[in-house]
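A look at the structure
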Amino acid sequence: MGSSSVVLALGLVACNDAVVHSTCVRPGCPQTEENQTFELPQTDKLDLLLVLDNSRSMADKQALLASAVPDLVLGLVNPPCVGPEGVPAMTPPGHPLDPCPAGTRRVMAPVLDIHIGVLSSSLGGHGADGCPDVVQSEQACAGGTNTTNNDKGHLVARLDACGPSAAPTYEDRGFLAWDPAQSLSPPGEDDFLGLGGSLRDMVAGVGPLGCEYESQLESVYRFLVDPEPYESISVVNNRATPDGTDTALLQQRAAFLRSDSLLAIVMVSDENDCSIKEYGQFYYVGQEKTSEGMDVRLPRARSECAIDPNDPCCKSCGQDPGSCPADPTCTSPEGGPALLAPEEDPKNLRCWDQKRRFGIDFLYPVDRYVKAFTSTEIQDRAGNLVPNPLFSDLDPNDDVWRARDAGSVFFAGIVGVPWQDIARDPTNLAQGLKSTAELEAPLDASGRTTWDVILGDPTKYVKPLDPLMIESVAKRAGTNPITGDALVDANAPEENPINGHERTIAGDDLQYACIFPLPQGQERDCTDDTLAGCDCKDTTNDSPLCAQNPASGGAPTLQVRAKAYPGLRQLEVLKGLGEQAVVGSVCPARIDDLAAPDHGYRPVMAALQERLKARVHNACLRDVDFAIDPKGGLPAVLIEARHAEGGACTCDPSTGRIEVPEAHASLVTRIQTHPRAAGEPWDCFCMMIQAEAGAARHACQEDVNDPPLASGEPVHRWCYIDGATTPPTGNPELVSDCPDNQQRRFRITGDAKPLPKASLFLTYPVE
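The model shown is predicted, which means the values in this text are computed figures rather than measured ones.

Conventions we followed
- Residues numbered from 1 in each chain as written.
- Predicted model: local features only at pLDDT ≥ 70, side-chain atom pairs only at ≥ 80, totals over all residues.
- Heavy atoms only, no water.
- Helix = DSSP H or I, 4+ residues; strand = E, 2+ residues; numbered from the N terminus.
- Rg over C-alpha atoms; globule rule 2.2 N^0.38 Å.
- Buried < 20%, exposed > 50% of the residue type's maximum accessible area, 1.4 Å probe, protein only.
- Contact = heavy atoms within 4.5 Å.
- Areas by Shrake-Rupley, 256 points an atom, 1.4 Å probe, with all protein chains shown as cover.
- Salt bridge = Lys/Arg side-chain N within 4 Å of Asp/Glu carboxyl O.
- 1 Å grid on protein atoms, 1.4 Å probe; cavity = no way out; pocket = protein on both sides within 12 Å on 5 of 7 lines; lining within 4 Å.
- Points joined across faces, edges and corners; volume = space filled by probe spheres on them.
- Nonpolar A, V, L, I, M, F, W, Y, C, P; charged D, E, K, R; others polar.
- Arc of directions from axis to C-beta.
- Phe/Tyr/Trp six-rings, centres within 6.5 Å; stacked < 30°, edge-to-face > 60°.
- Disulfide = S-S within 2.5 Å.
- Pairing = 2+ DSSP bridges.

Broken down by element type, the protein carries 16 helices and 28 strands. Here the C-alpha radius of gyration of the protein, 28 Å, is about what a compact globule of 767 residues would show, namely 27 Å. Expressed along its principal axes, the backbone C-alpha trace of the protein runs to roughly 90 × 60 × 55 Å. Per-residue burial for the protein yields a buried fraction of 55% across its 767 residues. Sequence separation of 24 or more characterises 70% of the internal contacts of the protein that already satisfy a separation of 6 or more. Total accessible area on the protein is roughly 31300 Å²; 52% of this is exposed by carbon and sulfur atoms.

This is the structure we're talking about:
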């Protein structure tokens, strides 16, 4: 039986263990160019972007995030040391550059280069008057000026939502730079306490005074992806018209986002996304006044919309009906389009259930955001396909030539969904959040999954199975399919443990997906008119957030709980991103024990850290099935491609490299014709030496020290570790930080580690 070779392009880190990640390398795989070449970007850098809803109800969640984010950062910058059985070291290292105590090793190599930036959800009115850029507000800013309705998708580094003071950032670029090795020029932050304090200040400075048309998804799209972010937007001939290019945003993006970094996005929001389309007449959903100063009332939807919003005749009564039959409900007594009554069209609910209520979906489709984080090409303002900045080299003049792939982008959504629905154990979040596979796994014989429970099928207007995740003004009924808890009314003898109870709403709000207690001492007296976004001002309310308040004669005006609404659009994006996504709840399971593993948003940060660990430095492999020989070796050739600094190409055997033998010269030719070669300065090629069978290979595959020792001598070679074989190939401890389905990696030890800016190409024979 003959064999063919699959060439896998591997961009590896310049330090720490290097690895390969491939798609299909098994016998029988179709031999196409697409699966012959797979690139893993350099992964020794991380860009972390926090996207915070800054609407009126977010102050309590922002405080929880400020306490949780340092957990994530600390776990990456100064990972703990553990012994052979995974027992933490008695004396952990105080600094990421400090060695572990004897007999222990770090669970992962420290990340020594991190950019951390913050965005808000406020993008103004998208052409409408609903969120003016500048507001004089007695309530929000004690008589001052509130300018947080439109942060324009720029990085936010303020200390106070109501003041001009700015947090100190790296070179005043709007983000923080973690740089304990002081390798940046100029050097960044090397004190973790200082980094954590600055980050907490920036999170608090986002504030809870922003636009109530929250554009969580579009804000992150604007900053990271939009190839042509507009400078301004105005209404011209009744159409929203973007104008100019926001060069300040592009400069911030280029400084913050390294093309060869891992990218982690953490979005925190307690409401559904309201990213209004910024063209045509879609802005009108955010319009509050007519040119004559009258309140705007939107036209009704045709009657078909109440039955099936996907019906071709589900349109606005203000639109041309085309071939659809006449609808008598669409004509007002005056003969014009029938308008919704004021009580049917509260401004606070303009983004809710739009197609059914208005006959028009005014929001960008969620597919826009799934493609933004997965596709190499996206549409510009004119609809032309252009390179996606997220997967491009944003600065061709620097010394970085590699661009990330979709597997280097992670999106964590901390949104409105009961934590019980997405936890591995619905009674104990300390057991962790469900993985992508667990979210997609059937829950019972019917085949329904967790996604059916929390999301349903929005494309077909199929509601979630969990009634708590149904957006509704009216009181809902039913039972949570995960916990078995029934929804109850306000007069029930016992509360639902997830959302308390359904409440009476005057038509201008929605029922809650989940609630949680405010920290002790942070209860809010809603008789104080200076408090923005207080949920218990109505003395006759029956909200589960409110308790009796002596200051109002025992009326329920003391807010003791916080709430969240179903975050359906964000969840739809997270589902579309698959293994790139982490799903978390903005309603924490516990807030009373700072040390608990399920405190605040710590479970989300732990899940995200696990995903990042699989890609930082010595990345883990999945979907591979290499034919390992009886002595633990691979019939493979590993070639390092790099630029010959100073014109000298040296392949030094003492560092695990030799000149490419004539028998493999065709592989160099193949590398030189690789699609990415045109943009790379590759003019030096060395073959990396696999650890020889015997003592050297045994040391490479078994010794956790680096470099490993064979007969007292350091090993500068590569080898393959596979914890999924029976018995394991190599020491399972060397892949213990990998996810269960990725217990594999290539290990390159000692001086054989790839040189700066090098790429590795693996040739593996497939029969």
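What follows covers the pattern of salt bridges. Under the defined criterion, the tally for this structure stands at 30 salt bridges. The salt bridge involving Arg258 is made with Asp47; its shortest N-O contact spans 2.7 Å. Taken together, the residues Arg258 in the loop between α6 (247-256) and β11 (262-268) and Asp47 in strand β2 (residues 46-52) connect sequence positions 211 residues apart. Judged by its relative accessible area of 12%, Arg258 falls in the buried class. With a relative accessible area of 0%, Asp47 lands in the buried category. The residue Glu640 makes a salt bridge to Arg657 at a minimum N-O spacing of 2.9 Å. Of this pair, Glu640 sits in strand β21 (residues 637-642) while Arg657 sits in strand β22 (residues 657-659), and the two are 17 residues apart along the sequence. For Glu640, a relative accessible area of 0% translates into the label buried. For Arg657, a relative accessible area of 1% puts it in the buried group. Through salt bridges that share partners, Arg590, Asp592, Asp593 and Asp598 make up one connected network.

The next point concerns the layout of surface pockets. There is about 1100 Å³ of room inside the second largest pocket. As for the second largest pocket, its lining consists of 45 residues, of which Glu212, Asn348, Asp508, Asp509 and Tyr565 are closest to the centre. When grouped by side-chain class, the residues that make up the lining of the second largest pocket number 15 nonpolar, 13 polar and 17 charged.

Now for helix α15 (residues 665-672). Considered for burial, the residues of α15 that qualify are Leu667, Val668 and Ile671. The arc enclosing the buried residues of α15, seen along the axis, measures out at 100°, which places them on a common side.

Turning our attention to the packing of aromatic side chains. Throughout the structure, instances matching the rule amount to 15 aromatic pairs. Ring centres of Trp718 and Phe746 lie 5.6 Å apart, and the angle between their planes is 40°; this geometry places the pair in the tilted category. Here Phe746 lies in strand β27 (residues 744-748) and Trp718 lies in strand β26 (residues 718-722), a separation of 28 residues in the sequence. Assessed through its relative accessible area of 1%, Trp718 is described here as buried. Ring centres of Tyr720 and Phe746 lie 5.1 Å apart, and the angle between their planes is 50°; this geometry places the pair in the tilted category. Taken together, the residues Tyr720 in strand β26 and Phe746 in strand β27 connect sequence positions 26 residues apart.

One pass over the structure, following the stated rule, counts 12 disulfides. Between Cys131 and Cys211 runs a disulfide, and the two sulfur atoms are separated by 1.9 Å. A torsion of 85° about the S-S bond marks the disulfide between Cys131 and Cys211 as right-handed. Pair noted here: Cys131 is in the loop between β5 (114-120) and β6 (135-136) and Cys211 is in the loop between α4 (192-206) and α5 (216-224), with a separation of 80 residues, a long-range link. Paired by a disulfide, Cys313 and Cys324 hold their sulfur atoms 2.1 Å apart. With the S-S dihedral at roughly -100°, the linkage between Cys313 and Cys324 falls on the left-handed side. Here Cys313, found in the loop between α7 (304-307) and α8 (354-358), pairs with Cys324, found in the loop between α7 and α8; they are 11 residues apart in sequence, far enough to count as distant.

So, on to the pairing of β21. Within β21, 6 of the 6 residues are buried, which leaves the element mostly enclosed by the surrounding structure. As paired elements, β21 and strand β23 (residues 684-688) share 5 bridges and run antiparallel to each other. Note that in β23 the partner of Ile639 across the bridge is Met687.

Note that all results are geometric; they support no functional claim without further evidence.
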